[in-house]
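What the coordinates show
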Amino acid sequence: MTAPEDLHPDIAAALEEIPGGVVIDATHAHWPDLGMTMDVPPGDEEKAVGSCATGNVCAFNGTGLSGTRVSWSSCGTYAPGMTVRSIANARSAGYAQARSSSGSVLATAIAGSWANVSGSVADVRCVP
């Protein structure tokens with residue numbers, strides 16, 4: 001089992017903010033009830049995480065799909081538990097939105113695309 005002090009800071013912060021998370025290891029966590037995972041890439045991959053897995057909606061704490069990634073396998077509205085600077089929609093239909101606490105849309109990614117985000121993201125919403 002990973003000791004709390006060994007967790008990556010992004011994982012620790014998300015576990016504190018979003019209940020129900022399960023630590024996989026120091027850089028991976030899963031929220032079974034939300035269908036959400038968080039993966040922190042190794043330091044040498046920090047700038048080149050790549051894109052979201054087919055069928056998922058993802059949020060990244062770096063622009064251009066870089067940095068720590070949170071992904072959801074089901075469509076809904078989720079608090080990402082971290083700062084969001086880009087989103088991806090790897091679904092075949094619908095769109096994903098990064099929204100502020102007032103519900104304003106900060107960025108939209110249509111099916112098969114991604115977008116950088118500016119502003120403070122409160123939630124990521126997937127619309128089928």
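Residues numbered from 1 in each chain as written. Predicted model: local features only at pLDDT ≥ 70, side-chain atom pairs only at ≥ 80, totals over all residues. Heavy atoms only, no water.

**A word on the confidence of the model for the chain**
Averaged over every residue, the pLDDT of the chain is 88; residues scoring 70 or more account for 91%. Per-residue pLDDT, averaged within each element of the chain, yields its smallest value for strand β3 (residues 36-39) (89) and its largest for strand β8 (residues 95-99) (97). A low-confidence stretch, residues 44-49 stays under pLDDT 50, and its non-local contacts, those more than four residues away or across chains, total eleven contacts. (pLDDT = per-residue confidence, 0-100. Helix = DSSP H or I, 4+ residues; strand = E, 2+ residues; numbered from the N terminus. Contact = heavy atoms within 4.5 Å.)

**Here's the deal with the state of the cysteines**
One pass over the structure, following the stated rule, counts two disulfides. The residue that forms a disulfide with Cys 52 is Cys 58, at a sulfur-sulfur distance of 1.8 Å. With the S-S dihedral at roughly 85°, the linkage between Cys 52 and Cys 58 falls on the right-handed side. Note on accessibility: Cys 52 and Cys 58 belong to one class, buried. Between the sulfur atoms of Cys 75 and its disulfide mate Cys 126 the distance is 1.9 Å. (Disulfide = S-S within 2.5 Å. Buried < 20%, exposed > 50% of the residue type's maximum accessible area, 1.4 Å probe, protein only.)

**Examining the nonpolar core**
If you look at the biggest cluster of nonpolar residues, it comprises 26 residues, and the most contacted ones within it are Trp 31, Met 38, Ala 59, Trp 72, Ile 87, Val 117 and Val 124. Of all elements in the fold, only α1 (9-17), β2 (28-31), β3, β4 (57-60), β5 (69-72), β8, β9 (105-110) and β11 (123-127) reach the threshold of two or more residues within this core. Setting aside residues no more than four positions away along its own chain, Trp 31 makes contact with Ala 14, Leu 15, Ile 18, Pro 19, Gly 20, Gly 21, Met 36 and Met 38. Among the nonpolar cores identified, the runner-up in size contains six residues, and Cys 58, Phe 60, Leu 65 and Ala 88 belong to it. (Core = buried A, V, L, I, M, F, W, Y, C linked by side-chain atoms within 4.5 Å.)

**Examining the sheet that holds β5**
A sheet is described by the order of its strands in space; here seven strands give the open sequence β1-β2-β3-β5-β4-β7-β10, paired in antiparallel fashion. The open sheet has two edge strands, β1 (22-25) and β10 (113-116), and neither has a second partner. The mean inter-strand angle of the sheet, taken between neighbouring strand axes irrespective of direction, is 15°. Along the sheet, α1 makes contact with β1, β2 and β3, crossing β2 at roughly 20°. (Pairing = 2+ DSSP bridges. Axes fitted to C-alpha atoms, helices over the stretch in contact; angles between N-to-C directions.)

**A short note on the sheet that holds β9**
Spatially, four strands are ordered β6-β11-β8-β9 in an open sheet, and the strand pairing comes out antiparallel. Where the open sheet ends on each side, the last strands, each with one partner, are β6 (77-78) and β9. As defined by bridge partners, β8 adjoins β9 across five bridges and the pair is classed as antiparallel. By the bridge assignment, Tyr 95 is partnered in β9 with Ile 110.

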